[in-house]
Amino acid sequence: MSFVGAVALLAVVTAVTCALPGTFLVLRHQSMLVDAMSHAVLPGIVIGALISGETSSPIMIVIAAAMGMVVVLGAEKLRNTGLITGDANQGLIFPALFALGVILLSTVLKSVHICQDTVLTGDINLMALEPERLIAMGFDFGPRTMWVLLGVMALNATYIWWAYRPLKLATFDPLLAKSMGFPVRAVEYGLMLLVSITVVVAFQTAGAILVVALMVVPPATALLLARNLPQMMALNLVLAVFSALLGFWVALKFDLATSSMMAVVDGLVFFGVFLATRWWSRHQGRMALRRLDAAEASDPAVPAAGVVSATVK
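Attention here is on the structure that accompanies the text.

1. Examining a nonpolar patch on the surface
Working step 1: Together, Phe3, Val4, Leu126, Leu129 and Leu252 make up a nonpolar patch on the protein surface, roughly 390 Å² of accessible area in all.
Working step 2: Looking at the secondary structure, you find Leu126 in helix H8 (residues 124-127).
Working step 3: Exposure remark for Leu126: the relative accessible area of 37% places this residue in the partly exposed category.

2. Some remarks on the pairing of strand S2 (residues 139-143)
Working step 1: In this structure, strand S1 (residues 133-136) lies alongside S2, joined through three bridges in antiparallel fashion. Each bridged residue has a counterpart across the sheet, and for Arg133 the counterpart in S2 is Pro143.
Working step 2: Between S1 and the antiparallel strand that follows it, S2, lie two residues; Met137 among them carries a positive phi value of about 55°.

3. A few points about helix H13 (residues 203-225)
Working step 1: In the structure, H13 departs most strongly from a straight axis at Ile209, where the bend amounts to approximately 95°.
Working step 2: Taken across its 23 residues, H13 has 19 buried, putting it largely inside the fold.

4. Focus: unusual backbone geometry
Excluding glycine, most residues fall at negative phi; most peptide bonds, likewise, are trans.
Working step 1: In this model, His29 sits at a positive phi of 60°, which is unusual for a non-glycine residue.
Working step 2: Along the polypeptide, His29 turns up in the loop between helix H1 (3-27) and helix H2 (31-40).
Working step 3: Even without being glycine, Asp255 reaches a positive phi, approximately 55°.
Working step 4: Inspection of the secondary structure puts Asp255 in the loop between helix H14 (229-254) and helix H15 (258-298).

5. Observations concerning the packing of H13 against H15
Working step 1: Closest axis-to-axis distance for the H13/H15 pair is 9 Å, and the angle between their directions is 20°. Considered as vectors, H13 and H15 are oriented roughly parallel to each other. The chirality of how H13 crosses H15 is left-handed. For the pair H13 and H15, the contacting residues are Thr205, Leu210, Ala213, Leu214, Val217, Pro218, Ala220, Thr221, Leu224 and Leu225 in the first and Ser259, Ser260, Met262, Ala263, Asp266, Gly267, Val269, Phe270, Val273, Phe274 and Thr277 in the second.

6. Here we look at the packing of H2 against helix H12 (residues 184-201)
Working step 1: As a packed pair, H2 and H12 sit with axes 10 Å apart at the nearest point and diverge in direction by 55°. On the basis of their axis angle, the class for H2 and H12 is oblique. In terms of crossing hand, the pair formed by H2 and H12 is right-handed. Only Met192, Val195, Ser196 and Val199 of H12 make contact with H2, whose side of the interface consists of Leu33, Val34, Met37 and Ser38.
Working step 2: Among the residues forming the contact of H2 with H12, the class breakdown is six nonpolar, two polar and no charged.

Scoring rules and cut-offs
Residues numbered from 1 in each chain as written. Predicted model: local features only at pLDDT ≥ 70, side-chain atom pairs only at ≥ 80, totals over all residues. Heavy atoms only, no water. Patch = residues over 30% accessible without salt bridge, like charges linked within 9 Å, V, L, I, M, F, W, Y side chains within 5 Å. Areas by Shrake-Rupley, 256 points an atom, 1.4 Å probe, with all protein chains shown as cover. Salt bridge = Lys/Arg side-chain N within 4 Å of Asp/Glu carboxyl O. Helix = DSSP H or I, 4+ residues; strand = E, 2+ residues; numbered from the N terminus. Buried < 20%, exposed > 50% of the residue type's maximum accessible area, 1.4 Å probe, protein only. Pairing = 2+ DSSP bridges. Bend = angle between axes of the 7 residues up to and from the residue. Axes fitted to C-alpha atoms, helices over the stretch in contact; angles between N-to-C directions. Parallel < 35°, antiparallel > 145°, perpendicular 65-115°, else oblique. Left-handed = near helix turned anticlockwise from the far one by under 90°. Contact = heavy atoms within 4.5 Å. Nonpolar A, V, L, I, M, F, W, Y, C, P; charged D, E, K, R; others polar.

Purely geometric numbers; function is a separate question.
Written out as structure tokens, the structure reads:
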């Protein structure tokens, strides 16, 4: 497999893996929880890498994902006290954990092979180099990180398929979901655990900052276009693949960072769709007013149309 092909595949797999759970995070108004978790997993990544000697071992993933869940559980406990308002409960926890990770990374754990720049933005190109490939029986199966991400993608897809009904009800009407006997809290914790695992696995390719864009922006864009949940989920994946490939092509063409360009394309696509939907809604409003004016002109016995038209104008 060529280097360019490996980077393209890794970009698409990273984008889709991150976008899958993002649909429900956006609908549940928990988008910034991804930011908190992506910072909080850093000490777990460093400690797990020190224990296992690898930056992608199962031990590291478990420890780092557990640190991500600390933000979820800790923020919930602080919110339940009634003493913390808004999203300050998250802001009280993840900065301390991220700072702890930075201190460990820059002092006592200097021997751990984790670049501080990669912590923020990741490096897809580095993960696609030949030493990072999975080679068996003389055949190149692509980057090892890609296969780990594919495993997490399958886990995300399986969980969403299995828990789709209670997850949907808990997202739109948690009280109804509880009254119907669905384990709302368990389903929510399961989703948060998957988000934490996804953040950890995508850390090397997207970092602590860009993983937020890959997980939040495509579903936010799909929300502007979709009319129902299945349509939003499908559009989310299409937009994720499109942004990943376009971002990769632009980065290749102009020698730019692939992960960063993927996030930039995500933002530009969202901005373009946002402007288009605003224009379309205004256009539809103007067309409705014209139809009302035309109906009033053709039939003077319809005073309500004229009143509505004058009021809107």
